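Here's the letter readout for the chains.
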Amino acid sequence: MDPIQYIDQHQESLIKSYHDLHSLAEPSWQEERTSCYILKCLREAGISLKTFQSHYGIIAEIPGISKKVVALRADMDALVQEVDGVVKPNHSCGHDAHSTMVLYTALAIASSGIRPKHTLRFIFQPAEEKGEGALQMINDGALENVTYLFGVHVRPSTEVPYMKASPSLSMAQPKQ
Ligand SMILES: [Zn+2]
């Protein structure tokens, strides 16, 4: 099935996954149930996976014709903050949405049966809020053979239409 058609046909389950991940909200380095949820979906789609002993990060891959890798990355952790008078993990930064987007991209491409030109890698990163998870994933080989790396982050101040994304380097630039 065409990947776009897959997304259109799975809108309900995509939105359910977003709500499921939203309710699982876990703080940095404790993303156990979030990771389990994502792993289960990827496993059911027959996507090859790599997990780690010391954290809940995931690397999923759809092999391509070449060994070059194009990677898409999402973060999984939530912030701990007061919500209605209760201090708890809360997905106010949108990492539940990011994980959903990257998960369904992987599922859509896997279901299409497309053999991509380059290997596609889907990185689910722990502990973004602490600024530590990216380094951990790099140390664990997440960027091996990567020629292009795409990250995704919602940004309500620059809302874009449905099915559109806006390129931005602002979050990846070192401070001047
Ligand atoms: Zn964030």
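Quick look at the structure, then. (Residues numbered from 1 in each chain as written. Predicted model: local features only at pLDDT ≥ 70, side-chain atom pairs only at ≥ 80, totals over all residues. Heavy atoms only, no water.)

## Notes on unusual backbone geometry
In step 1: A positive phi angle is found at Ala127, which is not glycine, with a value near 50°.
In step 2: By relative accessible area, which is 0% here, Ala127 ends up buried.
In step 3: Backbone geometry at Asn145 places phi at a positive 65°, although glycine is not the residue there.
In step 4: By secondary structure assignment, the location of Asn145 is in the loop between helix 5 (133-139) and strand 7 (146-151). (Buried < 20%, exposed > 50% of the residue type's maximum accessible area, 1.4 Å probe, protein only. Helix = DSSP H or I, 4+ residues; strand = E, 2+ residues; numbered from the N terminus.)

## Comments concerning the nonpolar core
In step 1: Counting 25 residues, the largest nonpolar core has Ile38, Leu42, Ile47, Leu103, Phe122 and Phe124 as its most contacted members.
In step 2: Those elements giving two or more residues to this core turn out to be helix 1 (3-9), helix 2 (11-24), helix 3 (32-44), strand 2 (58-62), strand 3 (66-75), helix 4 (95-112) and strand 6 (118-125).
In step 3: Every residue in contact with Leu42, bar those within four places of it in the chain, is listed here: Ile47, Leu49, Ile58, Ala60, Leu103, Ala106, Leu107 and Phe124.
In step 4: Phe52, Ile123, Met137 and Ala142 belong to the second-largest nonpolar core, a separate cluster that totals 6 residues. (Core = buried A, V, L, I, M, F, W, Y, C linked by side-chain atoms within 4.5 Å. Contact = heavy atoms within 4.5 Å.)

## Things to note about the coordination of the zinc ion
In step 1: For the zinc ion, the full set of protein donor atoms is Cys93 (SG), His95 (NE2) and His153 (NE2), and the range of their distances to it is 2.1 to 2.2 Å.
In step 2: Among the residues examined, His95 registers a relative accessible area of 1% and is labelled buried. (Donors = N, O, S within 2.8 Å, 3.2 Å for Na, K, Ca; no water.)

## Remarks on the pattern of salt bridges
Two side chains bearing opposite charge may form a pair once their charged atoms approach each other closely.
In step 1: Taken as a whole, this structure holds 5 salt bridges when the rule is applied.
In step 2: In this structure, the salt-bridge partner of Glu61 is Arg121, at a minimum N-O distance of 2.6 Å. Of the two residues, Glu61 is situated in strand 2 and Arg121 in strand 6; the sequence distance between them amounts to 60 residues.
In step 3: Relative accessible area serves as the criterion here: at 24%, Glu61 is assigned to the partly exposed category. (Salt bridge = Lys/Arg side-chain N within 4 Å of Asp/Glu carboxyl O.)

## Description of the pairing of strand 3
In step 1: As paired strands, strand 3 and strand 6 are joined by 8 bridges and run parallel to one another. From the neighbouring strand, Ser66 faces strand 6, where its bridge partner is His118.
In step 2: One ladder, built from 5 bridges, connects strand 3 with strand 7; its direction is parallel. In the sheet register, Arg73 faces strand 7, and the bridge partner there is Gly151. (Pairing = 2+ DSSP bridges.)

## Examining the packing of helix 3 against helix 4
The relative placement of two packed helices is expressed as an angle between their axes plus a distance between the axes.
In step 1: Interhelical geometry of helix 3 versus helix 4 gives an angle of 10° and a closest axis separation of 10 Å. The orientation of helix 3 relative to helix 4 falls into the category roughly parallel. In terms of crossing hand, the pair formed by helix 3 and helix 4 is right-handed. Two secondary-structure elements touch here, helix 3 through Ile38, Cys41 and Leu42 and helix 4 through Ser99, Leu103, Ala106 and Leu107.
In step 2: Split into classes, the residues belonging to the contact of helix 3 with helix 4 amount to 6 nonpolar, 1 polar and no charged. (Axes fitted to C-alpha atoms, helices over the stretch in contact; angles between N-to-C directions. Parallel < 35°, antiparallel > 145°, perpendicular 65-115°, else oblique. Left-handed = near helix turned anticlockwise from the far one by under 90°. Nonpolar A, V, L, I, M, F, W, Y, C, P; charged D, E, K, R; others polar.)

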